[in-house]
Amino acid sequence: MYGLVKDKITLVTGAAQGIGKAVAMIYAENGATVVLCDLNEEKVKEAAREITTQSGQKCIGMKMDISSSKDIDAAVSETLKEFDRIDVLCNSAGILMHSLVVDMQEDQWDKIFEINMKGAFLITKAVAKVMIKQKSGKIVHISSCSGKKPTREEAAYCSTKSALNGFVKVCALELGEYGINVNAVCPGATDTEMVRKNFITSREIEQEWINKTALKKLGTVEDQAKAVLFLSSTLADHITGEAIIVSAGEMMTQ
Ligand SMILES: NC(=O)c1ccc[n+]([C@@H]2O[C@H](COP(=O)([O-])OP(=O)(O)OC[C@H]3O[C@@H](n4cnc5c(N)ncnc54)[C@H](O)[C@@H]3O)[C@@H](O)[C@H]2O)c1
């Protein structure tokens, strides 16, 4: 495409499928080397092979549980051993489980926080240490419109994504002096397994969601990946601490 991340060493979490995989693909298509990390080892290795074949770029798939600092340290060490630096991090790993507050189980609450928020902290900490030494870097977290507005049955999820938007701002403040930009993309409803499993479970519900948007369409993973690519490139050199909504105008109409 445009070579927006040409020769950059990029690391993507949650890269086996959905938005993370689309980000890995668009990075590779724009000239980057990509390290794809995910809990699902088989699927992430398959995604890396597929992207290498399609883009001709070097891609590696690695198993990594985002809630485990041991796994993260291993993935970062392996990336540095192989490529010596990390220019871009996109953290897309995340989970969603629906439940009313009064029905929510404590372990369900904890799991959503462990992956969506503690995971974001752990991966940022590990990669920021590398980027501080390099005195440059771009970090993009995948947050959500649910971090900006309440959604029924998403108390834990909304809380993690609101917290993530706050975390992004503090990281931007602390890391800016080292030439590191930290931002988030907040997707609206985007056609992935997460959405199909949890709430867009019929043609009728899909149409309801489409009707909520100004542009009258459901997001694609490529819609999100394009925004992430922008924030990961020199085009966004002057942008930091932002959580940018990519929702076809869904946020305006609710
Ligand atoms: N799809 C949407 O409409 C939407 C909207 C707003 C925000 N988001 C956010 O976008 C991100 C990606 O979501 P998606 O829709 O692509 O979902 P998805 O379920 O298709 O993909 C999520 C990926 O994260 C991985 N993952 C889950 N737990 C993990 C862990 N502990 N360690 C490492 N990887 C793990 C999964 O294996 C999977 O490959 C999430 O953070 C989600 O909250 C999605």
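Located above this text is the structure these notes cover.
Let us look at the structure shown here. (Residues numbered from 1 in each chain as written. Predicted model: local features only at pLDDT ≥ 70, side-chain atom pairs only at ≥ 80, totals over all residues.)

This brings us to the overall build of the protein. Tallying secondary structure elements over the protein gives eight helices and seven strands in all. Over its C-alpha trace the protein gives a radius of gyration of 17 Å, about what one expects of a compact globule, namely 18 Å for 254 residues. Taken along its principal axes, the extent of the C-alpha atoms in the protein is 50 × 40 × 35 Å. Across the 254 residues of the protein, 47% fall into the buried class. Partitioning the contacts of the protein with sequence separation of at least 6, the portion at a separation of at least 24 is 74%. (Helix = DSSP H or I, 4+ residues; strand = E, 2+ residues; numbered from the N terminus. Rg over C-alpha atoms; globule rule 2.2 N^0.38 Å. Buried ≥ 20, exposed ≤ 12 C-beta atoms within 10 Å, placed from the backbone. Contact = placed C-beta atoms within 7 Å.)

With that settled, the discussion passes to the site of the ligand. In the region of the ligand, 29 residues are neighbours, and Gly14, Gly18, Gly94, Ser144 and Thr192 sit closest. When contributions to the shell around the ligand are tallied by element, the ones reaching two or more residues are α1 (18-29) and α6 (193-198). In the shell around the ligand, the residues fall into 14 nonpolar, twelve polar and three charged. (Near = placed C-beta within 6 Å. Nonpolar A, V, L, I, M, F, W, Y, C, P; charged D, E, K, R; others polar.)

To summarise the sheet geometry, strands pair through backbone hydrogen bonds and adopt either a parallel or an antiparallel arrangement. Taken together, the seven strands give an open sheet; going across it, the order is β3-β2-β1-β4-β5-β6-β7, and neighbouring strands pair in parallel fashion. Taken across any chain shown, the strands that pair with only one partner, and hence form the sheet edges, are β3 (59-63) and β7 (243-246). Geometrically, the sheet is characterised by an average inter-axis angle of 20 degrees between neighbouring strands, direction not taken into account. In the sheet, strand β6 (residues 180-187) pairs with β7 via four bridges, with the strands oriented parallel. Paired with Pro187 across the bridge in β7 is Val246. Those strands touched by helix α5 (residues 155-175) are β5 (137-142), β6 and β7, and its axis lies near 165 degrees from that of β6. (Pairing = 2+ DSSP bridges. Axes fitted to C-alpha atoms, helices over the stretch in contact; angles between N-to-C directions.)

The next thing to look at is the environment of Ser144. By the secondary structure assignment, Ser144 is in the loop between β5 and α5. C-beta crowding within 10 Å serves as the criterion here: with 29 such atoms nearby, Ser144 is assigned to the buried category. For the pair Ser144 and Gln105, spaced 39 residues apart in sequence, the C-alpha to C-alpha distance is 22 Å.

A word on the environment of Glu250. Residue position: Glu250 is located in the segment after β7. In this structure the C-alpha to C-alpha distance between Glu250 and Ala16, which are 234 residues apart in sequence, comes to 27 Å. Excluding residues within four positions of it along the chain, Glu250 makes contact with Cys145, Gly188, Ala189, Lys212 and Thr213.

The phi dihedral of Asp7 falls on the positive side, at around 65 degrees, and the residue is not glycine. Relative to the helices and strands, Asp7 resides in the segment before β1 (9-13). Judged by the 10 C-beta atoms lying within 10 Å of it, Asp7 is exposed. A positive phi is found at Lys216, a non-glycine position, where the angle reads about 55 degrees. Mapped onto the secondary structure, Lys216 falls in the loop between α7 (203-212) and α8 (221-232). Under the C-beta neighbour-count criterion, Lys216 is labelled exposed, with 11 such atoms within 10 Å.

A few words on the packing of α1 against helix α2 (residues 41-55). Running from N to C, α1 and α2 point in directions that differ by 30 degrees, and their axes come no closer than 10 Å. One element, α1, and the other, α2, form an angle in the roughly parallel class. Of the two elements, α1 crosses α2, and the hand of that crossing is right-handed. Every residue of α2 that contacts α1 at Lys21, Ala24, Met25, Ala28 and Glu29 is listed here: Ala47, Ile51 and Ser55. Of the residues contributing to the contact of α1 with α2, the split by class is five nonpolar, one polar and two charged. (Parallel < 35°, antiparallel > 145°, perpendicular 65-115°, else oblique. Left-handed = near helix turned anticlockwise from the far one by under 90°.)

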